[in-house]
Amino acid sequence: MTNTNKKSEIMQTAAINAAESAPSSDKRNLISLVPYTACLIFAAMFAAFALFSKNTRLVDLVIGGIAIVFFDIILIRCISRFLTGRDGAEMNVYGERSIRKLHAPARTAVFSVLAQLTIIVSVYAVGIIRNGMTHTLPDTYRLMFYESNSVIFGANTVDIMSKIGLISFILPDSAALLASSTYTFILFAFINTAAIVAGAIFLQELMLIDYDQKIARISVAAYHLLPSIFLMLQPLSGIALFFASALLCLLLARKGRLFASGIAGLVSGIFNIFGVLLAASVFLEARAHSPVFANIAVERGEHKPRKHYLAALIPLVGALIAIVLKLLKIDGLSALSTKPIWFFEPVGSLIAHWGSPNITKPEIVVHILSVIIVWLTFLVCSNRTRSSVNAFTLLMLCLAHSFLAADLTSFAVLSCPFLAVYVASRSKWRAMRIIVAILLIAVLLLFIAFLYIVKVK
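Please read all numbers here as calculations on a predicted model, not as lab measurements.

## Some thoughts on the pattern of salt bridges
Consideration 1: The full count for this structure, using the stated rule, is 4 salt bridges.
Consideration 2: With a shortest N-O distance of 2.6 Å, Arg-254 and Asp-210 are connected by a salt bridge. With Arg-254 in helix α12 (residues 239–254) and Asp-210 in helix α9 (residues 182–210), this residue pair connects regions lying 44 residues apart in the sequence.
Consideration 3: Note on Asp-210: relative accessible area 7%, which makes it buried.
Consideration 4: The network of salt bridges with common partners includes Asp-210, Arg-254, Glu-285 and Arg-386.

## Things to note about a nonpolar patch on the surface
Consideration 1: A surface patch of nonpolar side chains, amounting to about 340 Å² of accessible area, comprises Val-110, Val-113, Leu-114 and Leu-117.
Consideration 2: By the secondary structure assignment, Leu-114 is in helix α6 (residues 105–131).

## Section: the packing of aromatic side chains
Consideration 1: Going through the model one piece at a time under the given rule, you end up with 13 aromatic pairs.
Consideration 2: When the ring of Tyr-141 is compared with that of Phe-185, the centres are 5.9 Å apart and the planes differ by 65 degrees; the resulting orientation is edge-to-face. Of the two residues, Tyr-141 sits in helix α7 (residues 137–145) while Phe-185 sits in helix α9, which places them 44 residues apart along the sequence. Phe-185 matches Tyr-141 in its accessibility class, with the two residues each being buried.
Consideration 3: With a centroid separation of 5.3 Å and an interplanar angle of 45 degrees, the aromatic rings of Phe-283 and Tyr-309 are classed as tilted. Residue Phe-283 is found in helix α14 (residues 278–286), and its partner Tyr-309 is found in the loop between α15 (291–299) and α16 (316–327); the two are separated by 26 residues along the sequence.
Consideration 4: Residue classification places Phe-283 among the partly exposed residues on the basis of a relative accessible area of 39%.
Consideration 5: Overall, the relative accessible area of 30% leaves Tyr-309 in the partly exposed class.

## What to know about the packing of α9 against helix α10 (residues 213–225)
Consideration 1: Orientation of α9 relative to α10, taken along the N-to-C sense of each, is 150 degrees, at an axis distance of 9 Å. Relative to α10, α9 is oriented roughly antiparallel. Once α9 is placed against α10, the crossing between them reads as right-handed. Every residue of α10 that contacts α9 at Ala-195, Ile-196, Gly-199, Ala-200, Leu-203, Gln-204, Met-207 and Leu-208 is listed here: Gln-213, Ile-215, Ala-216, Ser-219, Val-220, Tyr-223 and His-224.
Consideration 2: Tallied by class, the residues present in the contact of α9 with α10 amount to 10 nonpolar, 5 polar and no charged.

## Observations concerning empty space enclosed by the protein
Consideration 1: Per the counting criterion, the structure on display carries 2 cavities of 30 Å³ or more.
Consideration 2: What lines the largest cavity is Leu-206, Met-207, Asp-210, Tyr-211, Leu-250, Arg-254, Thr-385, Arg-386, Ser-388, Val-389 and Val-421.
Consideration 3: Going through the elements one at a time, α9, α12 and α19 (387–403) are the ones with two or more residues in the lining of the largest cavity.
Consideration 4: For the lining of the largest cavity, the leading source of residues is α9, giving 3 residues.
Consideration 5: Here the residues of the lining of the largest cavity sort into 6 nonpolar, 2 polar and 3 charged.
Consideration 6: Here the second largest cavity defines a volume of roughly 50 Å³.
Consideration 7: For the second largest cavity, the full set of lining residues is Tyr-223, Leu-226, Ser-228, Phe-243, Cys-416, Pro-417, Leu-419 and Ala-420.

Calculation criteria
For every chain, the first residue of the written sequence is number 1, and numbering continues from 1 onward in sequence order. pLDDT decides what is reported in this predicted model: residues at 70 or higher carry local features, side-chain atom pairs at 80 or more are listed and counted, and totals for whole chains, interfaces and linings draw on all residues regardless. Think of the side-chain values as coming from all heavy atoms in the structure, minus any hydrogens and water. Whenever a carboxyl oxygen of Asp or Glu lies within 4 Å of a side-chain nitrogen of Lys or Arg, that contact is scored as a salt bridge. Helix and strand assignments follow DSSP, with helices taken as H or I runs no shorter than four residues and strands as E runs no shorter than two, numbered in order from the N terminus. Throughout this description, buried means an accessible area under 20% of the type-specific maximum (1.4 Å probe, protein chains only), exposed means over 50%, and partly exposed covers the range between. Only residues whose relative accessible area exceeds 30% and that form no salt bridge are eligible for patches; like-charged ones are grouped when within 9 Å, while nonpolar side chains (Val, Leu, Ile, Met, Phe, Trp, Tyr) are grouped when within 5 Å. Residue burial considers only the protein chains on display, and all accessible areas are found by Shrake-Rupley using a 1.4 Å probe. For this analysis, a ring pair means two rings from Phe, Tyr or Trp (six-membered ring only for Trp) whose centres lie within 6.5 Å, classed as stacked if their planes differ by under 30 degrees, edge-to-face if by over 60, and tilted for the remaining angles. Axis lines are fitted through C-alpha atoms, for helices just across the contact stretch, and the angle between N-to-C directions can take any value from 0 to 180 degrees. Oblique is the label for every angle not falling under 35 degrees (roughly parallel), over 145 degrees (roughly antiparallel), or within 65 to 115 degrees (roughly perpendicular). Take the far helix as your reference; a near helix turned counterclockwise from it by less than a right angle gives a left-handed crossing, and one turned clockwise gives a right-handed crossing. The contact definition used throughout considers only heavy atoms, calling two residues in contact when any of these lie within 4.5 Å. Basically, the charged four are Asp, Glu, Lys and Arg, the nonpolar ten are Ala, Val, Leu, Ile, Met, Phe, Trp, Tyr, Cys and Pro, and anything else, Gly included, counts as polar. With a 1 Å grid spanning the protein atoms alone, the term cavity applies to any set of points in which a 1.4 Å probe fits but cannot get out, the term pocket to an open set with protein on both sides within 12 Å along at least five of seven lines, and the term lining residue to any residue with an atom within 4 Å of a point. Grid points are joined across faces, edges and corners, and a volume is the space filled by probe spheres set on the points.

Spelled out as structure tokens, the structure:
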């Protein structure tokens, strides 16, 4: 009865705090006009572009218009929830115990290691089926994840850390040279495995602050079953380290350790420059708009001084470093385009490459499907996740494929570290969890068979 009463008391406290923090009816109605006003501005800007652009094809205008409408819907869903004080108020009944407790990390670590081994063996098995027994398992691991020539995550992503992270100012543009010896090869493999395990643990801890254990478990499963796992399994891509540091950043922010969170966000930029966007997540969490977290702070006699907002500036130091190094004419971030094509153009940009010798038509189709599926997932699930998660995801989805080449489009959308959060957030019911698990396994196997294993002719 004690636990039941305590949980009931937490729920009542959360409800009271949420009600007190919510704006008045008149103010809420006024605030709700903000996203609609932003939508009208976007629409007007696009209409002006369509009116005065003489060299743009009709198909580009249609695709751009659809993307603008889609983006406007996302703005209405995400921003209105945040501005009207409804950010995650229904989720925080789990938060108090999870902010203070560590939940069986050993079990998650074992699951993660077994999941990684299963995927590597699956790649090996599919390779044997398609191409016959040509290599041993260790050799296949090196070929598939250090020297991959797969359709989507191939040679352009195996060492992308040396082209997209702050570390690119130090590493050679071809970081694959680092794994030339057997010892360094094994070292990188162990570091990468540990980073994936750490990311799984951080994800579980993060999910248990806002959701129950069942949703947390499906998020860890999704973390290992989404196509992003192939990026993480490429040790020199740095994506496993990026995911782990990004998830740690948000976890620390949710626990109220804001300056440590900012440092984790800065570390993420070492492996992927888009980690600087975590500044938005840290800033939003610094507002301490979680009813449970605010209640704990009051009980401890703590307050949130304005200097805590400075924690959001720490990840931005990475962007400042990159700008200074670029001004000093030091080579780095070679994957970024100096002439970005903005967020509403990814599909139109891909269609513009139809028939290009640099990217095949099947690859273009896969990239377009990746963009559509990830954006739809974000649209459907964003009302079940916190604004700090949504802010980073929205910024990354808008900017990553704007600054990266067309053949890196799938990488741009699938290298978002919070995709597993979105997939799991809609898995409240058991039937839905079973459906999600089956779909993820099916997608993983299809990805291995048709997009990762290249058939030798």
